[in-house]
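Analysis of the macromolecular model
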Amino acid sequence: MPRTVAPRTSRTPRQSRGNGAKSQPRAPERASRAPAAPKLYATKNDLPEKARVEVIGLLNQRLAEAIDLQTQCKQAHWNVKGPAFIALHKLFDDVNEDVEEYVDLIAERVVQLGGIAEGTVGAVEERSTLPDYPLALSNGGEHVAALSDALATFGRTMRIGIEEMNELEDAGSADTLTEISRGVDKWLWFVEAHQQS
Ligand SMILES: [Fe+2]
């Protein structure tokens, strides 16, 4: 059984992110939606069904984190201030563009395996293990510290994900996560370099 990624923070789903409003029950109209699609679509892909089910579950967890990371890049891009504004504003958007591709790679891998890519805000809120991005940051150093934390945590989840995919003998998913891992390591370097001298 592949190991799972333990949350890096003490945050438990739907507890520490909001101001309390999110702890309210969901609006009743959600229950009246059309029945959920099957959890696993038939496919001629010859990976064993049992492995595909596990891979899909794990990749949907990684998808939540990738979407979370993307929102954090934009949060930094929009709000950074200070003498290094233009460099960091552009850098954070460059990171965001690549992370958007990571989101797509993971989501489409899920679908290729017969699964449903679960990329809603609600799914992200429940599943992401990334630390919350502080909303009140302004100067470049604070954003560099926060975004490098997020990139490092995400990089760790990718490395664990690679091991999990290898254990499930899904070389394609392991390769996808390896590509993402390589990319995020590069962006961690770019961001972290602002703290180093
Ligand atoms: Fe922009």
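My aim in this report is to walk through the structure given alongside it, one point at a time. (Residues numbered from 1 in each chain as written. Predicted model: local features only at pLDDT ≥ 70, side-chain atom pairs only at ≥ 80, totals over all residues. Heavy atoms only, no water.)

**Quick word on the overall build of the chain**
The cut-off we apply is this: For helices the rule is a DSSP run of H or I covering at least 4 residues; for strands it is a run of E covering at least 2, with both sets numbered from the N terminus onward. Whether two residues are in contact is decided by their heavy atoms: any pair within 4.5 Å suffices.
The helix and strand tally for the chain stands at five helices and zero strands. Helices (α) and strands (β) of the chain occur, in sequence order from the N terminus, as α-α-α-α-α. Residue pairs in contact within the chain that sit at least 24 positions apart in sequence constitute 82% of those at least 6 positions apart.

**Observations concerning the pattern of salt bridges**
Applicable threshold: Salt bridges are identified by distance alone: a Lys or Arg side-chain nitrogen within 4 Å of an Asp or Glu carboxyl oxygen. The classification of residues rests on relative accessible area computed with a 1.4 Å probe and restricted to protein chains. Under 20% of the type maximum is buried, over 50% is exposed, and intermediate values are partly exposed.
According to the stated counting rule, one finds seven salt bridges in the structure shown. Here R62 and E65 are joined by a salt bridge, their closest N and O atoms 2.8 Å apart. Remark: E65 and R62 occur in helix α1 (residues 49-79); sequence separation between them is three residues, near one turn of the helix. This pair shows no difference in class: R62 is buried, exactly as E65 is. Residues E118 and R127 are paired through a salt bridge, measuring 2.7 Å at the closest nitrogen-oxygen approach. Of the residues examined, R127 reaches a relative accessible area of 25% and is grouped as partly exposed. One network of salt bridges, in which partners are shared, links R62, E65 and E164.

**Looking at a negative patch on the surface**
Note the threshold: Nonpolar side chains (Val, Leu, Ile, Met, Phe, Trp, Tyr) are joined into patches within 5 Å and like charges within 9 Å, using only residues with over 30% relative accessible area and no salt bridge. Using a 1.4 Å probe, accessible areas were evaluated by the Shrake-Rupley method; residue-level cover was limited to the displayed protein chains. Working convention for charge: Lys and Arg count positive, Asp and Glu count negative, and His plus the chain ends are omitted. The atoms used to mark charge sites are NZ of Lys, CZ of Arg, CG of Asp and CD of Glu.
A cluster of acidic residues, D94, E97, E100, E101, D104, E108, D175 and E179, forms a negative patch on the protein surface. Broken down by secondary-structure element, the contributors of at least two residues to the negative patch are α2 (85-112) and α5 (171-192). With six residues, the top contributor of residues to the negative patch is α2. With respect to the helices and strands, the residue E97 is situated in helix α2.

**Looking at the side chain of T176**
Along the chain, the position of T176 falls in helix α5. In contact with T176, other than residues within four places in its own chain, are L105 and R109.

**So, α5**
Formally: One fewer than the residue count of a helix, multiplied by 1.5 Å, yields its expected span. Under the rule applied, a polar contact is a pair of N or O atoms within 3.5 Å (in protein, one hydrogen donor and one hydrogen acceptor; residues adjacent in sequence only if both atoms are side-chain atoms).
The first and last C-alpha atoms of α5 sit 31 Å apart over 22 residues, in line with the 32 Å expected at 1.5 Å per residue. Residues of α5 that are buried make contact with α1, α2 and α4 (140-167). Two or three places before G172, at the opening of α5, D170 has a side-chain oxygen 3.2 Å from that residue's backbone nitrogen.

**Points about α2**
With 28 residues, α2 extends 40 Å between its outermost C-alpha atoms, agreeing within 8% with the 40 Å of an ideal straight helix rising 1.5 Å per residue. Following α2 by one or two positions, G114 adopts a phi angle in the positive range, close to 95 degrees.

**What about the side chain of R109?**
Relative to the elements of secondary structure, R109 occurs in helix α2. Here D170 takes part through its side chain, which lies 2.8 Å from a polar atom of the side chain of R109. Here R109 is in contact with L47, L59, D170, G172, S173 and T176, once residues within four sequence places are set aside.

**Things to note about the packing of α2 against α5**
Our working rule: Every axis in this analysis is a line fitted to C-alpha atoms, fitted for helices over the stretch in contact. Angles between the N-to-C directions lie between 0 and 180 degrees. Any angle between 65 and 115 degrees counts as roughly perpendicular, while under 35 counts as roughly parallel, over 145 as roughly antiparallel, and the rest as oblique. For this classification, Asp, Glu, Lys and Arg are treated as charged, while Ala, Val, Leu, Ile, Met, Phe, Trp, Tyr, Cys and Pro are nonpolar and the rest, including Gly, are polar.
Close contact between α2 and α5 brings their axes to 11 Å; oriented N to C, the two are set at 170 degrees. With respect to their mutual orientation, α2 and α5 come out roughly antiparallel. Residue-level inspection shows L91, F92, D94, V95, D98, Y102, L105, I106 and R109 of α2 in contact with α5, the latter providing G172, S173, T176, L177, E179, I180, G183, V184, K186, W187, F190 and V191. A breakdown of the residues in the contact of α2 with α5 according to their chemical character gives 12 nonpolar, four polar and five charged.

**A closer look at the nonpolar core**
Going by this rule: For our purposes a nonpolar core is just a set of buried Ala, Val, Leu, Ile, Met, Phe, Trp, Tyr and Cys residues, chained together by side-chain atoms within 4.5 Å.
Formed by 45 residues in total, the largest nonpolar core has its most connected members in L69, F92, L147, L151 and F154. Contributing elements (two or more residues each) for this core: α1, α2, α4 and α5. At 11 residues, α1 tops the list of elements feeding residues into this core. Discounting chain neighbours no more than four positions away, the residues touching F92 are C73, A76, H77, V80, H143, V144, L147 and V191.

**Section: unusual backbone geometry**
Residue E169 is not a glycine yet carries a positive backbone phi of 60 degrees. One can find E169 in the loop between α4 and α5. With a relative accessible area of 67%, E169 lands in the exposed category.

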